[in-house]
Amino acid sequence: MSAPYLTLTAPVEHETEVRRSRFICAVAPARSVEEAAAFIAGRRREHAGATHNCTAYVVGQRVQKGDDDGEPGGTAGTPMVQALVGRGYNDVVAVVTRYFGGVLLGAGGLVRAYGSAVTETLDRAEPVRMVPARRVRVAVAHDQAGRVENDLRASRYAVEDVTYAAQVTFSVAVGEDEVAAFGDWVATLTAGRARVSVGEDVHVPA
């Protein structure tokens, strides 16, 4: 079973200073590796004159990647990933931009500086808690579709998509512990005429 996690709905930025070096951290939502890469590219353009633009992202609870961007190996990207995972975040990207202040920090100092830049930025974020759900498809005849759509959109269930073909199919995100009750509700709503199929795992806001 999938686990709950935290994510963001908007970017957050925070700057710290460690022994005259500036560390500017930006953390943003990223639902795919492509979104993470686009955010990273934008930050690197914005801070093209920086000494380093180190990055980390966690996507889909399986993909975790950090990049030291020229800092000694394992001193930037890895502690940044660890900061995101340690706080329970997923589908997020972090970029820490460093402007060197002339004082070497050493490996331990770099690990602390990059990790702290991320955690201090997350402290200023407003996270959204995502909980496990299933994508459920509800197929009904066209003569029932209007009423079913109105009732679905008035309910607590999130309608993700509507497809019109021989039948009208609604794709709905339903909490894992509510799938059975949802099926019963749809059966009652449609006098048993709907075809309900339970699909893949997803997450929805708590």
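Provided above is the structure to which this section pertains.
In this report, we go over the structure that sits alongside the text. Note that this is a predicted model, so its numbers are computed, not measured. (Residues numbered from 1 in each chain as written. Predicted model: local features only at pLDDT ≥ 70, side-chain atom pairs only at ≥ 80, totals over all residues. Heavy atoms only, no water.)

**Here we look at unusual backbone geometry**
Right, so step 1: Despite not being glycine, Arg20 shows a phi value in the positive range, around 75°.
Right, so step 2: Here Arg20 lies in the loop between β2 (12-18) and β3 (21-29).
Right, so step 3: The backbone of Ala191 shows a phi angle near 55°, a positive value even though the residue is not glycine.
Right, so step 4: Inspection of the secondary structure assignment puts Ala191 in the loop between α5 (179-189) and β10 (195-205). (Helix = DSSP H or I, 4+ residues; strand = E, 2+ residues; numbered from the N terminus.)

**What to know about helix α3 (residues 106-122)**
Right, so step 1: With 17 residues, α3 extends 24 Å between its outermost C-alpha atoms, agreeing within 8% with the 24 Å of an ideal straight helix rising 1.5 Å per residue.
Right, so step 2: If you check which residues of α3 are buried, you get Gly109, Leu110, Ala113, Tyr114, Gly115, Ala117, Val118, Thr121 and Leu122.
Right, so step 3: Packed against the buried residues of α3 are β2, β3, β4 (52-59), α2 (77-86) and β6 (92-99). (Expected span 1.5 Å × (residues − 1). Buried < 20%, exposed > 50% of the residue type's maximum accessible area, 1.4 Å probe, protein only. Contact = heavy atoms within 4.5 Å.)

**What about the side chain of Asn53?**
Right, so step 1: Its place among the elements puts Asn53 in strand β4.
Right, so step 2: The exposure class assigned to Asn53 is buried, which follows from its relative accessible area of 5%.
Right, so step 3: A polar atom in the side chain of Asn53 sits 3.2 Å from the backbone oxygen of His47.
Right, so step 4: Residues in contact with Asn53, not counting those within four places in the same chain, are Arg43, Arg44, His47, Asp69, Val95, Val96 and Thr97. (Polar contact = N/O pair within 3.5 Å; in protein donor to acceptor, adjacent residues only side chain to side chain.)

**What to know about α5**
Right, so step 1: Within the sequence span of α5, burial applies to Val179, Phe182, Val186 and Leu189. With its buried residues spanning 85° around the axis, α5 presents them on a single face. Residues of α5 that are exposed and angled more than 90 degrees away from the buried face: Ala180, Asp184 and Thr188.
Right, so step 2: For α5, the elements touching its buried residues are β7 (128-140), α4 (142-154), β9 (168-175) and β10.
Right, so step 3: Once α5 finishes, Ala191 follows within two positions and takes phi at roughly 55°, a positive value. (Arc of directions from axis to C-beta.)

**Describing the pattern of salt bridges**
Right, so step 1: Taken as a whole, this structure holds 14 salt bridges when the rule is applied.
Right, so step 2: In this structure, the salt-bridge partner of Asp123 is Arg87, at a minimum N-O distance of 2.8 Å. Within this pair, whereas Asp123 is found in the loop between α3 and β7, its partner Arg87 is found in the loop between α2 and β6, the two being separated by 36 residues in sequence.
Right, so step 3: On the basis of relative accessible area, Arg87 is assigned to the partly exposed category, the value being 35%. (Salt bridge = Lys/Arg side-chain N within 4 Å of Asp/Glu carboxyl O.)

**Observations regarding the nonpolar core**
Right, so step 1: Membership of the largest hydrophobic core comes to 25 residues, with the highest contact counts inside it found for Phe23, Val27, Met80, Leu84, Val96, Tyr114 and Val118.
Right, so step 2: Elements that contribute at least two residues to this core include exactly β3, β4, α2, β6 and α3.
Right, so step 3: Broken down by element, this core gets its largest block of residues, 6 residues, from α3.
Right, so step 4: With sequence-adjacent residues up to four places away left out, Phe23 is seen in contact with His14, Glu15, Thr16, Val18, Val96, Thr97, Arg98, Leu105, Ala113, Tyr114 and Ala117.
Right, so step 5: Residues Val159, Val172, Val174 and Leu189 belong to the second largest nonpolar core, which totals 18 residues. (Core = buried A, V, L, I, M, F, W, Y, C linked by side-chain atoms within 4.5 Å.)

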